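# Summary of structural features
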Amino acid sequence: MTDLDLYPHQQRAANLLLRGKNVILQAPTGAGKTLAALLPWMNRQTFKRDFPNQCIYTVPMRVLANQFVDAFAHLNPKIQTGEDAGDPEFIGSLIFTTIDQVLSRFLNYPYGVSKRKANLYAAAVMGAYLVFDEFHLLDPASTLPTTLAMLKMLKGITPFMLMTATFSSTMLNELAHELDAEVIPATPEERAALRGLPSQRKIRRYAISAQPLTAGRVLQVHESLTERRSIVICNTVVRARALFDELRRQSPETNVILLHSQFLPDDRKSAQNRLVALFGKDANRQIGSAIVVATQAIEVGVDITSAALHTELAPANSIIQRAGRCARYEGETGDVTIYRYSLKDGDPIDLTDNPNPYAGQQDILAKTWDAFSARDGQAFTFEHEQDVLTEVHGDSDRLIVSKLKQGAYQHKEQMFDVMNGRHNVSNASDLIRNVFQARVTISNTPDSLLESPFDAPAFGLHPGSLQKAFKEIEGLPGERPFTMKYLYVIKNDSTDGDSQTYRRTEYKWEPVRTGKDILGAALLVVHPSVARYDAERGLVLGQASDPNGWQASIPPAKIQESHNQFTFKLETYTRHIELVWEAAFGPGGTWHGVADLARRLERRFGWAPGDVRRAAELAVLLHDVGKLSAGWQGWVRDYQAKIEQPITPGEAYAHTESHSREHRDAEKAMKRRPTHAVESALAAMPVYVAMLGEDHPLVEAVYSAIARHHAPFADSNGEYRLIKGAVRQVAATLDTYLDGVPPNGLQLIDEANANADPQHDNIAKPEGGDAYWAYLLLARVLRFADQEGTRVGGL
């Protein structure tokens, strides 16, 4: 399969996935789980099976994702998180991302992108090979049941691997049963092979401390080390930053690094490079002195080691995950010290009474403390760690599984509501609650960001943390024009999902008056008099920026790129269809990114080979038939006359001239442009019914893709009447690209008359299954191709 020297668990995982099985892998830290996950994707070309060409590698929290990029740079990976939006449209072949990004896209409620594009991304999730790293960290009330329900819905379509070092045996077995997945290790021989891994030939001791975690205690242990490399992990950013400041004050000669989630990508990358250079496998740890202070962001995917690791009390699975950064490599010895007490504003606090961010897990924290107290000072093997996990988490995991089963139906129905657009911010965020991140930035001139607000550098904070911070900074002394504002979409014609394709959405800022304004806000801005950022400490709310301190700005290239997206030229109907067809099915077209998914859908639902391709062709060729209405063409004639660029009589048009402020002002002065998307789906229905068969589920999929190729939840139409010659226009495009177009379909188009009735019954719904999944694929093909064809036509 590969020239790499593989461990047995890596080889077996790849073999199972390439044979169509899904896998749950439990292996110790340092066992090469990431490589095990990527192997089947890396070797997909050597197998005839339609293994996905795209891999989406998901972690439960924002981590040092750049480390993945460095390790697999030869595979050209992309990163997509709330703070580092390297691939918001999920186009890259290998994407490292967070669970909120994946689930929100699957639910048609994507974070970090316009909600007008909500139905563009679910097909990317459905079509990819999905890897979920450190699955145990998913929230049992939100992300865990949502992920499980998603994987069940996609059974037989989407291959996946779940990975962790810290499942309890209870959770491992229950998940395997629920998801019909293969467990590794499954036999005593496989478990023995894991014990024999080189990474397990080391000594890692666990101890507890009744003293608070302080800078003095860390430095005392640090100075006694032969290799002076220490890691300190705090449960909150605030305590990590305070400890970092105190360590630098007490030991200015020590290289102290702070890592948490609230850094700009470039600064995080710089800190990561320092971290790897000092703590990585190839680092010379015999020289110098270094301490890294971090939050939970360091728990996952960070390949570093230390001689001493100090951690605040956390659930046992997190403690053991953190311990993987201590004595990580073969032959090393290290000590993990667990602290029940920490400092807040200089005073000791009991972390079992101050569980943030582990609210509701006080019982687990107490059990964790008891379990490690009973083993104080002992060296642990992987099996010892598993014993602790089962002791601490076994009962709660059984309860979690029971609740998951009891609430599965209700949770799935809630997911359907969101997927169908029947939702609000509250019930959408409930499905992804504990990982939803509010994006916040700093500026004293926020209006300067409105040209392209989502290109402004921003930081991800949990909404609850930001609500608490807002209460604190709102009361700070001093006059300022505002404390915090949130981005608001102006409700005017420019946000009409069925207006001329991809027109600019207009925004404004509204002041945050209560914490409720923060929930669901796409972007927030804080005044620099109450917030600051620096490259070593990250974002700090409640402290004023320096006079020349960092503030957000939009790169000029991004502003120009945003303007270019909304340039149109007068374009005939047939020319537009030609350009969209080329964008869909030409070299590098959107179809090629989903062809393997199409074949899997055909196998899963028993459709004939090529059926989904034919449905995609029909959606592309027929998506703008509604523009051949008298209303649309009349509007084009009037508008072009208004800007003194009249049209050619007898020609039908898909786009008007629009590339200046004068053009946009002229349009605003006119009556609203007629809608056309649902009208297109209705008017063209006789053709695709005749070509696919009246009872084929793909009829519903084509209808939905056309109806929603501008607005993701459109389901009703306006009055329309096709122009004389519409059938000739449609026939010309169909005859150019397709064979076997039945004349009866075209004849029925000719009979299309005004129809103002809503057509809800034709929309594919997730409850229905097959048609819905095909619709998502067609929507991705059509919308991206329409966008690209429109861009080319506007050049």
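In the block above lies the structure referred to throughout.
A brief look at the structure comes next. (Residues numbered from 1 in each chain as written. Predicted model: local features only at pLDDT ≥ 70, side-chain atom pairs only at ≥ 80, totals over all residues. Heavy atoms only, no water.)

### What to know about the overall build of the protein chain
Note the threshold: Under the scheme used here, helices are H or I runs from DSSP no shorter than 4 residues and strands are E runs no shorter than 2 residues, and both carry numbers assigned from the N terminus. Radius of gyration: C-alpha atoms only; globule rule: 2.2 Å multiplied by the number of residues to the exponent 0.38. Whether a residue is buried, partly exposed or exposed follows from its accessible area with a 1.4 Å probe, protein chains only, as a fraction of its type maximum: under 20%, in between, or over 50%, in that order. Contacts between residues were defined by any pair of non-hydrogen atoms, one from each residue, lying within 4.5 Å. All accessibility values rest on the Shrake-Rupley procedure with a 1.4 Å probe; residue burial counts only the protein chains present in the view. For the charge count, each Lys or Arg is scored as positive and each Asp or Glu as negative, with His and the chain ends excluded. All charge positions are set by atom: Lys at NZ, Arg at CZ, Asp at CG, Glu at CD.
Scanning the protein chain from N- to C-terminus turns up 28 helices and 24 strands. Taken against the 2.2 N^0.38 rule, which gives 28 Å for 795 residues, the C-alpha radius of gyration of the protein chain at 28 Å falls within 12% of a compact globule. Dimensions of the protein chain along its principal axes, counting C-alpha atoms only, are 90 × 65 × 45 Å. Across the 795 residues in the protein chain, those meeting the buried criterion constitute 58%. Within the protein chain, residue pairs in contact and separated by at least 24 positions form 76% of the contacts whose partners lie at least 6 positions apart. Accessible surface for the protein chain amounts to roughly 31200 Å². Of this, 48% is attributable to carbon and sulfur atoms. The average position of the 85 basic charges and that of the 95 acidic charges among the side chains of the protein chain differ by 1 Å.

### Considerations on the nonpolar core
As a rule of thumb, soluble globular proteins bury nonpolar side chains together. Rules: To qualify as a nonpolar core, a set must consist of buried Ala, Val, Leu, Ile, Met, Phe, Trp, Tyr and Cys residues joined through side-chain atoms within 4.5 Å.
Core analysis: the biggest nonpolar cluster contains 116 residues, and Phe106, Met150, Trp591, Leu622, Tyr688, Trp773 and Leu777 have the highest contact counts within it. The greatest single-element share of this core, amounting to twelve residues, is contributed by helix α28 (residues 770-793). Discounting chain neighbours no more than four positions away, the residues touching Trp591 are Ala584, Phe585, Ala598, Val612, Arg613, Ala616, Leu777 and Val781. With 38 residues, the next largest nonpolar core counts Leu275, Ala294, Val302 and Ile320 among its residues.

### Some words on the sheet that holds strand β11 (residues 290-294)
Hydrogen bonds along the backbone pair up the strands of a sheet, which may run parallel or antiparallel. Rules: Two strands qualify as a pair provided DSSP detects at least 2 bridges between them. Note on definitions: angles span 0 to 180 degrees between N-to-C directions of axes, and those axes are lines fitted to C-alpha atoms, for helices only across the stretch in contact.
Ordered in space as β8-β13-β12-β9-β11-β10, the six strands form an open sheet in which the pairing is parallel. At either margin of the open sheet sits one strand with a lone partner, and together these are β8 (203-209) and β10 (255-259). Shown here is a sheet whose adjacent strand axes are inclined to one another by a mean of 15 degrees, direction ignored. The pairing of strand β12 (residues 308-312) with strand β13 (residues 333-339) spans five bridges and is classified as parallel. Counterpart to Ala308 in the pairing with β13 is Asp335. Its contacts with the sheet put helix α12 (residues 316-323) on β8, β9 (229-233), β12 and β13, and the angle it makes with β12 is roughly 155 degrees.

### Things to note about the sheet that holds strand β16 (residues 438-442)
Reading across from one edge, β17-β16-β20-β18-β19 is the order of the five strands in this open sheet, with mixed pairing throughout. On the outer flanks of this sheet lie β17 (459-461) and β19 (507-511), each paired with one strand and no other. Strand-to-strand twist in this sheet, taken as the mean axis angle between neighbours without regard to direction, amounts to 35 degrees.

### Considering the environment of Leu120
Assignment of secondary structure puts Leu120 in the loop between α4 (99-106) and α5 (122-127). Put simply, Leu120 and Lys516 are 396 residues apart on the chain and 29 Å apart in space, counted from C-alpha to C-alpha. Once you skip the residues sitting within four places of it in the chain, Leu120 turns out to touch Ala779, Arg780, Arg783 and Phe784.

### Examining the pattern of salt bridges
Short version of the rule: Whenever Lys or Arg places a side-chain nitrogen within 4 Å of a carboxyl oxygen from Asp or Glu, that contact is recorded as a salt bridge.
Counted according to the given criterion, the structure contains 35 salt bridges. Residues Arg600 and Asp596 are paired through a salt bridge, measuring 2.8 Å at the closest nitrogen-oxygen approach. With Arg600 and Asp596 both in helix α19 (residues 595-605) and four residues apart, this pair spans about one turn of that helix. As far as burial versus exposure is concerned, Arg600 and Asp596 are alike and both buried. The residue Glu667 makes a salt bridge to Arg673 at a minimum N-O spacing of 3.1 Å. When sorted by exposure, Glu667 lands in the same class as Arg673, which is buried. A network of salt bridges, in which partner residues are shared, links Asp363, Lys367, Asp395 and Arg398.

### Points about α28
Worth spelling out the cut-off: Multiplying one less than the number of residues by 1.5 Å gives the expected span of a helix.
For α28, which comprises 24 residues, the first-to-last C-alpha distance of 34 Å matches the rise-based estimate of 34 Å (1.5 Å per residue) to within 8%. In terms of burial, α28 is a largely internal element, 19 of the 24 residues being buried.

### Remarks on the packing of aromatic side chains
Which entries qualify depends on this criterion: Think of it this way: a Phe, Tyr or Trp ring, Trp meaning its six-membered ring, pairs with another when their centres are within 6.5 Å, and the plane angle makes it stacked under 30 degrees, edge-to-face over 60, tilted otherwise.
With the rule as written, the count across this model stands at 21 aromatic pairs. Pairing Phe135 with Phe167 gives two aromatic rings, centres 6.2 Å apart and planes at 65 degrees, and the pair type is edge-to-face. Of this pair, Phe135 sits in the loop between β5 (129-133) and α6 (143-153) while Phe167 sits in the loop between β6 (160-164) and α7 (169-179), placing them 32 residues apart in sequence. Assigned by exposure class, Phe135 and Phe167 land together as buried. Taken together, the ring pairs in this structure connect Phe106, Tyr772, Trp773 and Tyr775 into an aromatic cluster.

### Some words on the packing of helix α20 (residues 611-622) against helix α24 (residues 685-692)
Note the following rule: When an angle is under 35 degrees it counts as roughly parallel; over 145 it counts as roughly antiparallel; between 65 and 115 it counts as roughly perpendicular; any other value is oblique. By the definition used in this description, the sense in which the near helix is turned from the far one sets the handedness, with an anticlockwise turn below a right angle giving left-handed and a clockwise turn giving right-handed. Each residue gets one of three labels, nonpolar for Ala, Val, Leu, Ile, Met, Phe, Trp, Tyr, Cys and Pro, charged for Asp, Glu, Lys and Arg, and polar for the others, Gly among them.
Two numbers describe how α20 lies on α24: the axes approach to 11 Å, and their chain directions differ by 165 degrees. As judged from the angle between their axes, α20 and α24 are roughly antiparallel. Viewed along their axes, α20 and α24 form a crossing whose handedness is right-handed. Between α20 and α24, the contacting residues are Arg614, Leu618 and Leu622 on the first element and Val687, Tyr688, Met691 and Leu692 on the second. Taken together, the residues of the contact of α20 with α24 sort by class into six nonpolar, no polar and one charged.

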